[in-house]
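Structural overview
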Amino acid sequence: MNVLDILFPKNCLGCGKGGGYICGRCLTKVSFATTCCPVCTRFSFYGKTHSACKSDLSLDGVVSLWEHKGVIKNAISQVKYKFAYDVVSDVVANAAIEVNKFKLSGNIQCAAVPLHRQRENWRGFNQSERFAEEVSRALGWQYVPSLLVRTKHTEAQVHLHKKKRLRNIRGKIAVNTDVFDKIDVKNPLIIVDDVWTTGATLKECGRVLKQKGIKEVWGLTIAKA
Ligand SMILES: [Zn+2]
Ligand SMILES: [Zn+2]
């Protein structure tokens, strides 16, 4: 235990027990998400896109770690709505162990789903960037900040139905070309978001990146709703 743990004690966001934000007992109560093809949402091994579902601009796969429940759900909402930045490290420490089981290979580059600038300013940070940065550090991936940007203010996605969400996001995410020029299109790229709900945002990120010529784009989310 260090001095910070004494000054700012961490309690499990599931049961309240001291020692960390995510205790082992609460974590085992949260099921792993079923691995699914991001296009048809049916089961697929390791979340790889089925070859029949694949198109030029589709994601190559998506890794979602846990169901959006229990201590994982609480931890994500603490980061998202209460700006509890240090919760990110505890989530990522557990997430990195799980991501390793997927045996992703190659010189992986990693970026975050962009948050609209207005919303980012309002709460001061983009939680997906924090997750992307820390996961990259834990797994030795190359973190690429600000690769994707939002072009226009979109209605808060969460209030829209699935179809409307897809329509709503189309054309509203763009690749930051200055940053893009510095990455290697031949290496795989993983885009991080906190929760996979309909996948509309991650799919759009994949679409614009593939249009630019990236060969392989995967999504990674901590949880799946
Ligand atoms: Zn607990
Ligand atoms: Zn499929």
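Summary of the structure given here. All values derive from a computational prediction rather than experimental measurement. (Residues numbered from 1 in each chain as written. Chains lettered and ligands numbered in written order. Predicted model: local features only at pLDDT ≥ 70, side-chain atom pairs only at ≥ 80, totals over all residues. Heavy atoms only, no water.)

**Quick word on the overall build of the chain**
Secondary structure assignment for the chain yields nine helices and seven strands. Going through the 225 residues of the chain one by one, you find that 50% of them count as buried. A fraction of 71% describes how many contacts in the chain between residues 6 or more apart in sequence connect residues 24 or more apart. Accessible area of the chain: about 11,900 Å², with a carbon and sulfur share of 52%. (Helix = DSSP H or I, 4+ residues; strand = E, 2+ residues; numbered from the N terminus. Buried < 20%, exposed > 50% of the residue type's maximum accessible area, 1.4 Å probe, protein only. Contact = heavy atoms within 4.5 Å. Areas by Shrake-Rupley, 256 points an atom, 1.4 Å probe, with all protein chains shown as cover.)

**Description of the coordination of the zinc ion (ligand 2)**
The protein atoms donating to the zinc ion (ligand 2) are Cys 37 (SG), Cys 40 (SG), His 50 (ND1) and Cys 53 (SG), with metal-donor distances spanning 2.1 to 2.4 Å. Positions of the donor residues of the zinc ion (ligand 2), expressed as sequence spacing, correspond to C-x2-C-x9-H-x2-C. One end of the pair, Cys 40, is in the loop between α2 (24–28) and β1 (61–67); the other, His 50, is in the loop between α2 and β1, with 10 residues separating them in the sequence. Judged by relative accessible area, His 50 falls into the partly exposed class, the value being 25%. (Donors = N, O, S within 2.8 Å, 3.2 Å for Na, K, Ca; no water.)

**Focus: the coordination of the zinc ion (ligand 1)**
Each donor-metal-donor angle in an ideal tetrahedron of four donors is 109.5 degrees, and each such angle in an ideal octahedron of six donors is either 90 or 180 degrees. In this structure, Cys 12 (SG), Cys 15 (SG), Cys 23 (SG) and Cys 26 (SG) serve as the protein donors to the zinc ion (ligand 1), at separations of 2.2 to 2.4 Å. The site at the zinc ion (ligand 1) holds four donor atoms, and with the angles between them running 105 to 114°, its shape is tetrahedral. Here the donor residues of the zinc ion (ligand 1) are spaced in sequence according to C-x2-C-x7-C-x2-C. The class of Cys 12 is buried, set by a relative accessible area of 5%. In this structure Cys 15 comes out as partly exposed when scored by relative accessible area, which is 48%. (Tetrahedral: all angles 85-135°; square planar, octahedral: opposite > 155°, others 65-115°.)

**As for the pattern of salt bridges**
Scanning the model with the defined rule gives nine salt bridges in all. Salt-bridge contacts for Lys 186 lead to Asp 184; the nearest nitrogen and oxygen are separated by 3.4 Å. Relative accessible area serves as the criterion here: at 61%, Lys 186 is assigned to the exposed category. Judged by relative accessible area, Asp 184 falls into the partly exposed class, the value being 29%. (Salt bridge = Lys/Arg side-chain N within 4 Å of Asp/Glu carboxyl O.)

**Points about helix α4 (residues 85–100)**
Between its terminal C-alpha atoms α4 stretches 23 Å, which fits the 22 Å expected from 16 residues at 1.5 Å a residue. Residue Val 92 marks the point of greatest curvature in α4, where the axis turns by about 25°. For α4, the full list of buried residues reads Val 87, Val 88, Asp 90, Val 91, Val 92, Asn 94, Ala 95, Ala 96, Glu 98 and Val 99. Taken together, the buried residues of α4 touch α2, β1, α3 (70–82), α6 (127–139) and β7 (217–224). (Expected span 1.5 Å × (residues − 1). Bend = angle between axes of the 7 residues up to and from the residue.)

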